[in-house]
Amino acid sequence: MLTDVGLLALVLAFVLGVYATLASYYGGRTNQDTWVESARNAAILTFPLLTISVFAVVYALYALDFSLAYVADVSSRAMSPFLRVTALWGGQQGSVLFWAWLMSGFVMVVLLRKWERDRELMPYVIAVAMLTTAFFIGVVVFITNPFTRMWHFPGAAELTMAIFQPAGAMPYIPEDGSGLNPLLRHFGMIGHPPTTYLGFTGFVIPYAFAIAALITGKSSGDEWIRATRRWTLVAWIFLSIGLVLGGRWAYDVLGWGGFWGWDPVENAMLMPWLTGTAFLHSVMMTEKRGMLKKWNMVLIILTYSLALFGTFITRTGVISSVHAFSKTALGPAFFGFIGLTFLGSLSLLFARWDTLKSDHQLESFLSREAAFLLQNMLFLAITFAVFWGTVFPLISELVTGTKITVGPPYFKRVTGPLFAALVLLMGIAPLFAWRKQAVRKLGKAIWVPFAASLVLSGVWGYAHRMHPAVYPALWLVTFVVLAILMEFWKGVRARIRGRGESPWVAFQKLIGRNRRRYGGYIIHLGVVMIALGFIGDAYLKSETQGTLQLGESLQIGEYSLRFDSLDYYPGSDGREVLEATTSLFKNGELVTQLNPRRDYFVVQQQPVTIPGVYSTAAGDVYALLVGWEEIGFQSSTFKIYINPLIGWTWLGGLVMILGTLIAAWSPSRDREGATYTLKPRQASLSYLAGD
Amino acid sequence: MTENIHLGEKAIDPEVAQGEGGEGGPRSLVSLLAYGFIVALLGLLAWGLIRVQRGPVDSGMAPDFTLTTFDGETITLSELRGQVVIINFWASWCPPCREEAPYLEQTWRKYKDQGVVFIGVDYVDTEEEALAYIAEFDITYYNGPDLGTRISQAYNIQGVPETYYVAKNGELRGVKIGPLQPPELDNKIDELLAEPYTPEEPSQ
């Protein structure tokens, strides 16, 4: 039986994970390479074993093996084979296994690639990474095992869950499963968990290197940073994609017209993203100037801890959320692990505090260094504000006995200005020189985008003159975009003048020769686009609701929506679809047809509201079918949102991916090896240090 | 340490901004604060974990409460025996609540003459925004603020929206976490209305 093989592989993976942790630590302590070598093999082997286990679960889901409780819970005959496979991360048991599998994959790749290079760090990298991996595998084996079966004792009212047949019990195999939660059947929710997990688990690599650097006392150098730079970038972009996909899912499926609700679950993901973003930037200071070493350590430890913290609060339901997660026995085990990670990292950090001194000191408050420092502080301030707002209900209930939930207004008011400052810094900071920036030169570099942005945003703001508050926000994004584009233009112009290249060739070579820098600028452009979506959401949104008879229209702004018909038909995946046909007019002209729907999933008895959306660069018209007359379908109630600028958020996500690909891409060896090679096998170090 | 020679400029140690001392390890106060923070956070999480593992109250007798509505009326749950009571926890800042609001009101209008009482408990909100919400959805059933979050604590709610079903005899018959979707509320009310009910004799 494949499931038995999967279970066996899972248990073996756990044993190997524990062994690798202990053996590598022992080998590192006693300087015995054979132990480390053996631990490394065990760690590498964990991945193929877990792969077998994952395959067994996926196959059971695909083949509808309802003898497994997990399969009966998240899969059903009515689901398409593709959906059945994605149900691997549709429930908790599968999710944790998937998580452990991804993490062991990261560990395997890092061990295969990096073994010869950082021998000193390796024992502890293995120990830290495998301790974490073993913990998650342990959770799968002992707490939420996807290979659990259902058993029935004669005469008992309830089923018994157990992996092996209890004496006297009969196996219970239902005819059909209950199927994946209909809300999760959306491309955003199919892509969101894997990307988020890749992001969260990916951060274990830089974290393990950081802790290994602290243990070995090699933390004053930047080897650990150079070795993990690209890992960090990979983890970060997956976390970013996860955030954008999650937002897109909320927008398409939850039917409240927004994409970010400052819910604890969302915050839990945002916090490690914030500190991770700060870390990505902050490490450049260590590489270039040997500064901010303490910051880097603190930031990577925070990022990893916040990822664990976020998983903990969302998976255990410690902090109430409007998302309903199931309660499980995961809590106590996870709590112990988090406590160990927090306290262990902190004491190690303090023990090595004096190795983290800066090589240089800050020379001027007007310098690239100061800008990096400021951005670290801003990111940390936002993280703290989000953290405070997230745990506040718990604190208030403990202290005053009254639970006080701070809603989205708190988050918007506190983080809004900080995010604005960060965006502004994103525009100015790249103009600053290292060490010290002359004010005159800065003024010269800034005045063109500044003047142009005033004019452009003035025109743009005029289009939204009903909402004067939006003007500064529009100026900010215009200015930052122009400042970034100026950087591209200056680079291209220099190449055209200096080398006589054509503009297009100059543009390509500019990016090709400085992938990290210009990739970064492209990511910045993506961030500004996402900020545009938030600006539209904060200032320009409008909504209306009304009940329409056939042929009647509902007006909102320059749009009107006419109700043409309401149809009922059976859909795919076991749903019954109620679909309205409406015509959207803009200033009296027909622009498109919108079909807001209400899909009712019969088995789960759960309806899903699917909006009809008309998207343009200026914004979305988002129509929901919220009510209808049961008999005759003569009238329906619609809710319409105008969500200006929202499309930029999704585009911004794509631009960020593009920028990251450029920044992380391995350059061909002959061009600029030094900038990107992690630590070449034979090349001399001095070559690297001067980059 | 590199000596920093820069003409006429005062050097600034970037690490000072972190609030840590220059020499050796971090100042003992800082490390004390950091440990204190972590331990306090862990303590908070442990307490939250213990609390959450108790789960919401969803069976047995519904905890009794008295609610003063926004209109100034006073309702006491124990005085509503013989009627099916739907207790809905909501807040004006909660998007999923908005999603279920039209359905709740619609269901209330359908059942209000059949021995069903709806009670909206407004959780952690401002009166002004709550009244605007009630006006927006034209809500006509009882609604009042949960002063001091006493009611939500008695029910140990996990968040909003949450809806508790109370049978005619005052027993809890389940809880819906998250927004209600048609026709689940109708189904539940029909089920509870169908239950027989004999009023208890007042004790002699």
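Note that the structure is a prediction, hence the values are computed from the model and not measured.

**Focus on the overall build of chain B**
Summing up its helical and strand segments, chain B has five helices and seven strands in all. Counting from the amino terminus, helix and strand elements in chain B follow one another as α-β-β-β-α-β-α-β-α-β-β-α. Residues counted as buried form 49% of the 204 residues belonging to chain B. Restricting the contact set of chain B to residue pairs at least 6 apart, pairs at least 24 apart contribute 71%. Summed over all atoms, the accessible surface of chain B reaches about 10000 Å², with 54% contributed by carbon and sulfur.

**Comments concerning the overall build of chain A**
For chain A, the count of helices and strands is 21 helices and 13 strands. The C-alpha radius of gyration computed for chain A amounts to 27 Å, which stays within 12% of the reference 26 Å derived for 691 residues, consistent with globular compactness. Along the first, second and third principal axes, the C-alpha set of chain A runs to 80 × 75 × 60 Å. Of the contacts made within chain A by residues no fewer than 6 positions apart, 69% connect residues no fewer than 24 positions apart. Summed over all atoms, the accessible surface of chain A reaches about 27400 Å², with 64% contributed by carbon and sulfur. Taking the average place of the 54 positive charges on the side chains of chain A and the average place of its 41 negative ones, the gap between the two points comes to 14 Å.

**Quick notes on the packing of helix α13 (residues 368-400) of chain A against helix α14 (residues 408-428) of chain A**
All names here are of chain A. Contact geometry for α13 and α14: axes closest at 10 Å, N-to-C directions at 165°. Between α13 and α14, the crossing angle belongs to the class labelled roughly antiparallel. Pair α13 / α14 crosses with left-handed handedness. Residue-level contacts link A371, L374, Q375, L378, F379, A381, I382, A385, V386, W388, G389 and T390 of α13 to Y410, F411, V414, T415, L418, F419, A421, L422 and L425 of α14.

**Considering the confidence of the model for chain A**
Here chain A averages 83 in pLDDT, and 92% of its residues register 70 or above. Here residues 322-326 of chain A is modelled with pLDDT under 50, and outside its nearest four sequence neighbours on either side it reaches twelve contacts, counting other chains as well.

**Details of the sheet that holds strand β4 (residues 542-549) of chain A**
Two strands in a sheet stick together by hydrogen bonds in their backbones, pointing the same way (parallel) or opposite ways (antiparallel). All names here are of chain A. Sheet architecture is open: four strands sit in the order β4-β13-β12-β11, paired in antiparallel fashion. Each edge of the open sheet carries a strand with a single partner, namely β4 and β11 (612-616). On average, adjacent strands in this sheet sit at an angle of 15° to one another, irrespective of strand direction. Pairing of strand β12 (residues 619-628) with strand β13 (residues 635-644) involves nine bridges; the strand directions are antiparallel. The residue bridging Y622 from the neighbouring strand is Y641, located in β13.

**Brief notes about the sheet that holds strand β6 (residues 162-166) of chain B**
All names here are of chain B. Taken together, the five strands give an open sheet; going across it, the order is β5-β4-β3-β6-β7, and neighbouring strands pair in mixed fashion. Two strands lie at the open edges of the sheet, namely β5 (142-145) and β7 (172-177), each paired on one side alone. On average, each strand axis in the sheet is inclined to that of its neighbour by 15°, with strand direction left out of account. Where β6 and β7 come together, four bridges link them in antiparallel fashion.

**Quick word on unusual backbone geometry**
Across the junction of P182(B) and P183(B), the peptide omega takes the value 0°, indicating a cis bond. With respect to the element layout, P183(B) can be found in the loop between β7 and α5 (184-193). With a phi close to 55°, L64(A) is a non-glycine residue in the positive phi region. Note that L64(A) resides in the loop between α2 (33-62) and α3 (69-74).

**Focus: the side chain of D620(A)**
Residue and element names in this part refer to chain A. In this fold, D620 is placed in strand β12. Among buried Asp, Glu, Lys and Arg side chains, D620 stands out as unpaired, with R248 the closest opposite charge at 6.4 Å. Among the polar contacts made by the side chain of D620, one reaches the side chain of S615 at a distance of 3.0 Å. The contact partners of D620, leaving out residues within four places of it in the chain, are Y251, V613, Y614, S615, Y641, I642, N643, I646 and G647.

**As for helix α10 (residues 264-289) of chain A**
Residue and element names in this part refer to chain A. End to end, α10 covers 38 Å across 26 residues, agreeing with the expected 38 Å (1.5 Å per residue, within 8%). Extensive coverage of α10 is indicated by the burial of 24 of its 26 residues. Directly after α10, the chain includes G290, whose backbone phi takes a positive value near 65°.

**Describing the pattern of salt bridges**
If charged atoms from side chains of opposite charge come close, those side chains can pair. Residue and element names in this part refer to chain B. This model, assessed by the stated rule, comprises 22 salt bridges over all chains. Measuring nitrogen to oxygen at the nearest pair gives 2.5 Å for the salt bridge that ties R98 to E136. Highlighted residues: R98 in helix α2 (residues 95-111) and E136 in helix α3 (residues 127-136), separated in sequence by 38 residues. What makes R98 partly exposed here is its relative accessible area of 23%. Here R109 and D138 are joined by a salt bridge, their closest N and O atoms 3.0 Å apart. Taken together, the residues R109 in helix α2 and D138 in the loop between α3 and β5 connect sequence positions 29 residues apart. Taking the relative accessible area as the measure of exposure, R109 reaches 40% and is therefore partly exposed.

**Thoughts on the nonpolar core**
Among the nonpolar cores identified, the biggest contains 200 residues, and F136(A), F209(A), W224(A) and F309(A) are the most heavily contacted of them. Among the elements that take part in this core, α2(A) stands out by supplying 14 residues, more than any other. Residues contacting F136(A), with those up to four places away along its chain left out, are V96(A), W99(A), A100(A), M103(A), L308(A) and F334(A). Core analysis: the second largest hydrophobic core is formed by 48 residues, F70(B), I87(B), V116(B) and V121(B) among them.

**Looking at the packing of aromatic side chains**
Residues and elements named next belong to chain A. Throughout the structure, instances matching the rule amount to 56 aromatic pairs over all chains. Ring geometry for Y207 against Y304: centres 4.0 Å apart, planes inclined by 15°, an arrangement best described as stacked. Here Y304 lies in helix α11 (residues 293-316) and Y207 lies in helix α8 (residues 204-216), a separation of 97 residues in the sequence. Note on accessibility: Y207 and Y304 belong to one class, buried. The side chain of R84 reaches across the aromatic face of Y62, ending 6.0 Å from its centre.

Criteria and cut-off values
Residues numbered from 1 in each chain as written. Chains lettered and ligands numbered in written order. Predicted model: local features only at pLDDT ≥ 70, side-chain atom pairs only at ≥ 80, totals over all residues. Heavy atoms only, no water. Helix = DSSP H or I, 4+ residues; strand = E, 2+ residues; numbered from the N terminus. Buried < 20%, exposed > 50% of the residue type's maximum accessible area, 1.4 Å probe, protein only. Contact = heavy atoms within 4.5 Å. Areas by Shrake-Rupley, 256 points an atom, 1.4 Å probe, with all protein chains shown as cover. Rg over C-alpha atoms; globule rule 2.2 N^0.38 Å. Lys, Arg positive; Asp, Glu negative; His and termini not counted. Charge placed at Lys NZ, Arg CZ, Asp CG, Glu CD. Axes fitted to C-alpha atoms, helices over the stretch in contact; angles between N-to-C directions. Parallel < 35°, antiparallel > 145°, perpendicular 65-115°, else oblique. Left-handed = near helix turned anticlockwise from the far one by under 90°. pLDDT = per-residue confidence, 0-100. Pairing = 2+ DSSP bridges. Salt bridge = Lys/Arg side-chain N within 4 Å of Asp/Glu carboxyl O. Polar contact = N/O pair within 3.5 Å; in protein donor to acceptor, adjacent residues only side chain to side chain. Expected span 1.5 Å × (residues − 1). Core = buried A, V, L, I, M, F, W, Y, C linked by side-chain atoms within 4.5 Å. Phe/Tyr/Trp six-rings, centres within 6.5 Å; stacked < 30°, edge-to-face > 60°. Lys NZ or Arg CZ within 6 Å of the ring centre and 35° of its normal.

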